[in-house]
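Coordinates in review
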Amino acid sequence: MVEDSTMEQAKQIAELPFVFPHVALMPDAHFGKGSSVGTVFGTDRAVIPAAVGVDIGCGMIGVRTQFAWSDLQDKDLTGLRSAIEAAIPLSPGNYNSWALDPRTEARTRELAQLAEDTGVNLSHSKNWRQQLGSLGGGNHFIELCVDEQDRVWMFLHSGSRGVGNKIAQKHIKAAQKVCKRYWIQLADPDLAYLVEGTDEFKDYITDLHWAQRFAFLNREEMMDRFADCLGDWAGQPVVEEERINCHHNYTVKERHYGRNVWLTRKGAVSAEEGQLALIPGSMGTASYVVAGKGYPPGLKSAPHGAGRVMSRTQAKKRFTEADLASRMEGIVYRPGAEFVDEIPDAYKDIDQVIADAKDLVSVKHTLRQVLNVKGT
């Protein structure tokens, strides 16, 4: 299920002289900015900021709780939904108040210290502290799920929010400026790159690592708030049986085919042998907990989700609130026209994506949604 434009983007990246060993497209790959979403490739002494993307460190977190769904299913989930919506700021531009609780404050102190220690300049995002613990919009979500053994999972998807976007845009522009300075001809301006050993490269990697840590802690923060809400609603504190937190938009130094490279995963998770990861479906469909197989041709990676087959504009023209309601039957969510572009029909079939990823991962658990919370 790969469109021609996605293949063309992959070929453009593969033609760059510093790409090693090759470009791997995941089963959910679709056209994107700089590179397709679902693209994995290594680079030798260079990085492409736009190929990492603007939501640096975006990813998933899942927690398996002690609860069995059979013990909770008679309770009213709308109360839990309302509590989550009150505890976690939703939608772009919605952040925490200026009075942060001690847990949130501790995480912001860690990030502030990391920025000070590594020289990260956050003057472009003066409100970054208030962004920690906020969801955002688009395909970001919070879900309560049940696995094949009737066990209850908390599950959510988010990234580095506005501060990560500002960091990404800053360095995409810097890379384009550098390439223009040296008359480097590119098939697409968003393929502009930074070369190891330069100040621009060092600044990007430093900022990138900070943003990736922010995204990781952002998910941890929201998950802790989610657990508080679930515990209050269920009448007993959540006991975590398992926690998985993984990026799917990032760059990291890894060894592939005998060489150390900067491995970029844009819309892909790490799938080292035995490594656990999370692959969500679209709104209203199944999600998966998987274990990596360490498949070398796939650059030890796996898909990050279902992958879009139509744009948000196309989906809103084609489908209605009633269509979405029929797909969400049996799932508690907040109805609204603003969510129609997230209808499962706008995405690839997640079950087919998982089947196509059989060489990359094995399925450990299949999760079905019972509650969905989204920002507009």
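Note that the structure is a prediction, hence the values are computed from the model and not measured.

Procedures and definitions
Residues numbered from 1 in each chain as written. Predicted model: local features only at pLDDT ≥ 70, side-chain atom pairs only at ≥ 80, totals over all residues. Heavy atoms only, no water. Pairing = 2+ DSSP bridges. Helix = DSSP H or I, 4+ residues; strand = E, 2+ residues; numbered from the N terminus. Axes fitted to C-alpha atoms, helices over the stretch in contact; angles between N-to-C directions. Left-handed = near helix turned anticlockwise from the far one by under 90°. Contact = heavy atoms within 4.5 Å. UniProt positions renumbered as here; feature names shortened; annotations may be inferred. Polar contact = N/O pair within 3.5 Å; in protein donor to acceptor, adjacent residues only side chain to side chain. Parallel < 35°, antiparallel > 145°, perpendicular 65-115°, else oblique. Nonpolar A, V, L, I, M, F, W, Y, C, P; charged D, E, K, R; others polar. Disulfide = S-S within 2.5 Å. Buried < 20%, exposed > 50% of the residue type's maximum accessible area, 1.4 Å probe, protein only.

Structural notes on the sheet that holds strand S10 (residues 259-266)
- The strand order across the open sheet built from 4 strands is S1-S2-S10-S9, with neighbouring strands paired in antiparallel fashion. The open sheet has two edge strands, strand S1 (19-30) and strand S9 (249-256), and neither has a second partner. Neighbouring strand axes in the sheet, compared pairwise and without regard to direction, differ in orientation by 15° on average.
- In this sheet, strand S2 (residues 37-43) lies alongside S1 in antiparallel orientation, the contact comprising 5 bridges.

A word on the packing of helix H4 (residues 77-87) against helix H8 (residues 199-234)
- Their axes nearest at 9 Å, the elements H4 and H8 cross at an angle of 150°. In terms of crossing hand, the pair formed by H4 and H8 is right-handed. Facing H4, whose interface residues are Leu77, Gly79, Leu80, Ala83, Ile84 and Ala87, H8 presents Arg225, Phe226, Cys229, Leu230 and Trp233.

Comments concerning the UniProt feature "binding site: Mn(2+) 1" (unreviewed entry) in the protein
- The sites that UniProt annotates as "binding site: Mn(2+) 1" (unreviewed entry) are Asp55 and His140. With the annotated positions falling across 86 residues, the maximum pairwise C-alpha distance of 11.2 Å places them together in a single cluster.
- In this fold, Asp55 is placed in the loop between helix H2 (49-52) and strand S4 (59-68).
- The contacts of Asp55, once residues within four sequence positions are left out, are His140, Gly159, Ser160, Arg161 and Asn249.
- Separated by 3.3 Å, the side chains of Asp55 and His140 make a polar contact.

Notes on the packing of helix H7 (residues 161-181) against H8
- Remark: H7 packs on H8, axes separated minimally by 10 Å, with the N-to-C direction vectors making an angle of 160°. On the basis of their axis angle, the class for H7 and H8 is roughly antiparallel. Seen from above, H7 lies across H8 with left-handed handedness. Residues Arg161, Val163, Ile167, Lys170, His171, Val178 and Arg181 of H7 touch H8, and the partners they reach there are Glu200, Asp203, Tyr204, Asp207, Trp210, Ala211, Phe214 and Asn218.
- Split into classes, the residues belonging to the contact of H7 with H8 amount to 7 nonpolar, 2 polar and 6 charged.

As for the state of the cysteines
- Counting across every chain of the model gives 0 disulfides.
- With no disulfide of its own, Cys229 has Cys145 as its nearest cysteine by sulfur position, at a separation of 16 Å.

What about the UniProt feature "active site" (unreviewed entry) in the protein?
- Residues given the UniProt feature "active site" (unreviewed entry) here are His304.
- Relative to the helices and strands, His304 is located in the loop between strand S14 (301-303) and helix H9 (312-318).
- Residue His304 is classed as buried on the basis of its relative accessible area of 12%.
- What His304 contacts, discounting residues up to four positions off in sequence, is Asp28, Val37, His248, Gly267, Ala268, Ile279 and Pro280.
- A distance of 2.6 Å separates the side chain of His304 from the side chain of Asp28, its partner in a polar contact.

Regarding unusual backbone geometry
- In this structure, the amide linkage connecting Phe20 to the following residue, Pro21, adopts the cis form with an omega of 0°.
- Within the secondary structure layout, Pro21 lies in strand S1.
- One non-glycine residue, Leu299, lies in positive phi territory at about 55°.
- In this fold, Leu299 is placed in the loop between strand S13 (287-292) and S14.

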